[in-house]
Amino acid sequence: MALHSLLLRAMKKLCEKIQSIGLSVFNELGAGFDENVHQLGIGIELRAAKIKYLREANIEIFYKKHPVGLDRPDFILFPNKKTLGFDQPVFLECKMGEKIDDASRQQLKTYLKSAPLNSNPNISNISMGILLHFQKKESFNENISRKPKDPVSVECWRYDKKSDSIKKVFSF
């Protein structure tokens with residue numbers, strides 16, 4: 001089996017785990033808190049799942065190969081090869097709202113584009129990123145609160161240097 005196919009299968013497994021973690025956090029916290037509270041819950045669940053991570057670690061952002069600033073992705077994940085099938089670091093961005101928007105995708109693209117230029121190998125080896133989306137609202141009909149049908153969604157993206165674009169690998 002091709003390496004690319006094995007990586008995609010392993011990445012899908014990681015994304016399924018992230019979606020499961022996201023659902024656990026959403027079911028506990030609901031939709032009423034801001035992104036930061038959900039991120040703290042994600043961190044607790046990542047530790048419980050034995051997925052190593054850095055939270056809001058600085059990465060350099062580049063313009064024409066020159067560093068122009070710092071930004072902080074929500075998480076940099078370090079999957080365990082034994083349990084998830086690969087050990088390549090991955091960005092994880094958590095978002096709250098009605099749906100994943102293009103501004104969130106653009107933010108992830110900026111991180112993925114700058115990653116290879118960073119001197120830290122934990123960052124320079126990142127080529128894929130995950131957007132974890134939490135629905136921001138519940139409905140309140142007939143004096144009863146109802147959680148959204150699909151409260152958590154996941155998109156996995158890969159940066160393509162040749163076209164300077166990100167390409168969706170899968171979503172669910």
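Scroll up to find the structure this text is about.
Rules and cut-offs
- Residues numbered from 1 in each chain as written.
- Predicted model: local features only at pLDDT ≥ 70, side-chain atom pairs only at ≥ 80, totals over all residues.
- Heavy atoms only, no water.
- Salt bridge = Lys/Arg side-chain N within 4 Å of Asp/Glu carboxyl O.
- Buried < 20%, exposed > 50% of the residue type's maximum accessible area, 1.4 Å probe, protein only.
- Helix = DSSP H or I, 4+ residues; strand = E, 2+ residues; numbered from the N terminus.
- Pairing = 2+ DSSP bridges.

Before going further, it helps to examine the pattern of salt bridges. In this structure the tally under the stated criterion is six salt bridges. In this structure, glutamate 93 and lysine 95 form a salt bridge, with 3.3 Å as the shortest nitrogen-oxygen distance. By relative accessible area, lysine 95 is classed as buried at 13%. The closest approach of N and O atoms between glutamate 155 and arginine 105, which form a salt bridge, is 2.7 Å. Of this pair, glutamate 155 sits in strand β9 (residues 152-160) while arginine 105 sits in helix α4 (residues 102-114), and the two are 50 residues apart along the sequence. Of the two residues, glutamate 155 and arginine 105, both sit in the buried class. One network of salt bridges, in which partners are shared, links Asp102, Arg105, Glu155 and Lys168.

Our next topic: the pairing of strand β6 (residues 128-135). Residues in a regular strand point their side chains to alternate faces of the sheet. Across the eight residues of β6, eight count as buried, placing the element largely inside the fold. When strand β5 (residues 90-97) meets β6, the two strands line up parallel, connected through seven bridges. Opposite phenylalanine 91, over in β6, you have glycine 129 as the bridge partner. Across seven bridges, the pairing between β6 and β9 is antiparallel. Among the inter-strand pairings, histidine 133 is bridged to a residue of β9, identified as serine 153.

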